[in-house]
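Architecture and fold: a report
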Amino acid sequence: MGFLLSRRWVVFAVVVALLAYLTLLLGQWQFGRLEDRKQENRIVSTNLRAAPVPVEDVLSTDRQPPAEAAWQRVTARGTWDDEHTIVLKYQTREGGAGVDVVTPLVTDDGTAVLVDRGWLATDNSGRTRPDLPPATAGTVTVTGYVRQDATGGATQVQDLSTRAVSSQAAAEAVPHPLYRGFLDLAEESPEPEQQLALTELPDAGSNGPHFFYGLQWWFFGALAVFGFAYLAYDELRGRRREGTPAGEARRRPGRDSEPAQQASVHGQHRARDEG
C-alpha cells in the first residue's frame with residue numbers, strides 16, 4: 001500500500017476529498033433550500049386560507065411588509081389614480097407578450113397603495129406606452145394579496161414604466177405617500193368594465209426539485225470516493241500480480257531458457273570441431 005504515499009496518489013486523494021466535501025456542502029445547501037421552501041409554503045398556505053384584513057393592519061409607509069405576510073389578503077377602499085398608472089413591461093403569459101397594469105389606489109386618509117390590476121396582452125415592445133383600459137371611476141373596494149417590493153435596477157420608473165414593482169422607486173413618480181410593498185388584485189367592487197388577467201397564485205403544495213438535487217450532489221460525492229477506492233484497489237491488485245513467480249514467468253516468457261539453449265548449441269558445435 002506504499003504507493004498511496006506517492007506524490008501522484010496523494011494529489012489524487014486530495015482532489016477527491018475536496019470534490020467530496022464540495023458535493024456534501026452543495027447537498028446540504030439544497031436540503032436547506034428545501035426547508036426554506038417548506039416554511040414558505042406553510043406561510044403562503046395559511047395566508048391564502050385566512051380571511052382578509054384591512055390594509056393598514058399589514059402595510060405601513062415606513063417598512064417593508066414582513067415575509068410572514070406574503071400572499072396575505074387585505075382590503076382597501078379608495079379611488080384609483082389612473083393618471084399615474086405604471087406599466088410593468090415585458091410580462092408574458094403562456095408565451096404571449098404583455099404588460100401588467102399597476103395603479104395607485106388612494107385611500108380615505110390620502111395614503112396610496114400600489115395595486116397590480118392584472119395582465120394585458122399587447123404587442124408593446126417596451127419603447128411606447130400601450131393603450132390601457134381605464135380604471136373604474138369613483139370609490140372602489142379592492143381585495144389584494146400582499147407582495148414585497150422588488151429590488152435592483154429593474155425597479156427604476158421612467159415615463160411611468162418599469163420592469164419590476166417597487167413602492168420606493170414608484171414614490172418618485174406618484175404624488176401620494178405610499179404604503180411599502182404592493183398588492184396583486186384579487187377582487188374589485190364594483191367590477192371594472194374590462195377585467196384584466198389576474199395574477200396566478202403560487203403552488204403552496206410544491207416543494208420544488210431541491211430534494212432530488214440534494215441527493216444528486218451526494219451521489220456525485222459518493223461516486224468520487226468509490227472511484228478513488230476502486231482505482232486504488234486495481235493498482236494494488238496489479239502490483240501483487242506482478243510480484244508473483246508465475247507473473248514473472250508470464251511477464252518474461254522464454255528468457256530464462258535462452259542461456260541454457262545457447263550453451264547446449266555451443267557445446268555441440270565445439271564437440272564436432274574437436275572431432
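Here is what the cut-offs are and how they apply
Residues numbered from 1 in each chain as written. Predicted model: local features only at pLDDT ≥ 70, side-chain atom pairs only at ≥ 80, totals over all residues. Heavy atoms only, no water. Phe/Tyr/Trp six-rings, centres within 6.5 Å; stacked < 30°, edge-to-face > 60°. Helix = DSSP H or I, 4+ residues; strand = E, 2+ residues; numbered from the N terminus. Buried < 20%, exposed > 50% of the residue type's maximum accessible area, 1.4 Å probe, protein only. Salt bridge = Lys/Arg side-chain N within 4 Å of Asp/Glu carboxyl O. Contact = heavy atoms within 4.5 Å. pLDDT = per-residue confidence, 0-100. 1 Å grid on protein atoms, 1.4 Å probe; cavity = no way out; pocket = protein on both sides within 12 Å on 5 of 7 lines; lining within 4 Å. Points joined across faces, edges and corners; volume = space filled by probe spheres on them. Nonpolar A, V, L, I, M, F, W, Y, C, P; charged D, E, K, R; others polar.

What about the packing of aromatic side chains?
Within this structure, the stated rule accounts for seven aromatic pairs. For the ring pair Phe12 and Phe228, a centre distance of 5.2 Å and an interplane angle of 65 degrees mean the geometry is edge-to-face. Of the two residues, Phe12 sits in helix 1 (residues 7-49) while Phe228 sits in helix 3 (residues 210-242), which places them 216 residues apart along the sequence. With a centroid separation of 5.8 Å and an interplanar angle of 55 degrees, the aromatic rings of Trp71 and Tyr145 are classed as tilted. A residue pair is termed long-range when its members are at least 10 positions apart, and Trp71 in the loop between strand 1 (53-54) and strand 2 (73-80) and Tyr145 in strand 6 (residues 139-147) qualify at 74 residues. Its relative accessible area of 11% is what places Trp71 among the buried residues. The structure contains a cluster of three or more aromatic residues connected by ring pairs, namely Phe31, Phe211, Phe212 and Trp218.

Some thoughts on unusual backbone geometry
The omega torsion across Ser189 and Pro190 is -5 degrees, close enough to zero to call that bond cis. Turning to its location among the elements, Pro190 is positioned in the loop between strand 8 (182-189) and helix 3. With phi around 55 degrees, Asp159 is a residue other than glycine that occupies positive phi space. For Asp159, the location among the structural elements is in the loop between strand 6 and strand 7 (161-162). For Asp159, a relative accessible area of 73% corresponds to the exposed category.

Here we look at the pattern of salt bridges
Here the structure, examined in full by the defined rule, presents five salt bridges. When the shortest N-O distance is used, the salt bridge between Lys38 and Glu35 registers 3.9 Å. Of this pair, Lys38 and Glu35 both sit in helix 1, three residues apart, which is roughly one turn of that helix. Under the relative-accessibility criterion, Lys38 is labelled partly exposed at 29%. Between Asp82 and Arg117 there is a salt bridge, with the nearest N and O atoms lying 3.9 Å from each other. One end of the pair, Asp82, is in the loop between strand 2 and strand 3 (86-93); the other, Arg117, is in strand 5 (residues 112-121), with 35 residues separating them in the sequence.

Some words on the side chain of Ser166
Within the element layout of this structure, Ser166 appears in the loop between strand 7 and helix 2 (167-170). Beyond its immediate chain neighbours, meaning those up to four positions away, Ser166 contacts Leu114, Asp149, Ala150 and Thr155.

Some words on the confidence of the model for the protein chain
Looking at the protein chain, pLDDT values average 85 and 85% of them are 70 or higher. Counted against residues more than four places away or in other chains, residues 246-265, with its pLDDT under 50, gives three contacts. Confidence drops under pLDDT 50 across residues 267-275; counting only partners more than four residues distant or on other chains, this segment forms zero contacts.

Observations concerning the layout of surface pockets
Here the largest pocket defines a volume of roughly 340 Å³. Forming the walls of the largest pocket are 16 residues, and the residues nearest its centre are Glu40, Val44, Ala70, Trp71 and Pro202. Sorting the residues of the lining of the largest pocket by element identifies helix 1 and strand 6 as the ones contributing at least two each. For the lining of the largest pocket, the element with the most residues is helix 1, which contributes five residues. Looking at the lining of the largest pocket, its residues break down into ten nonpolar, two polar and four charged.

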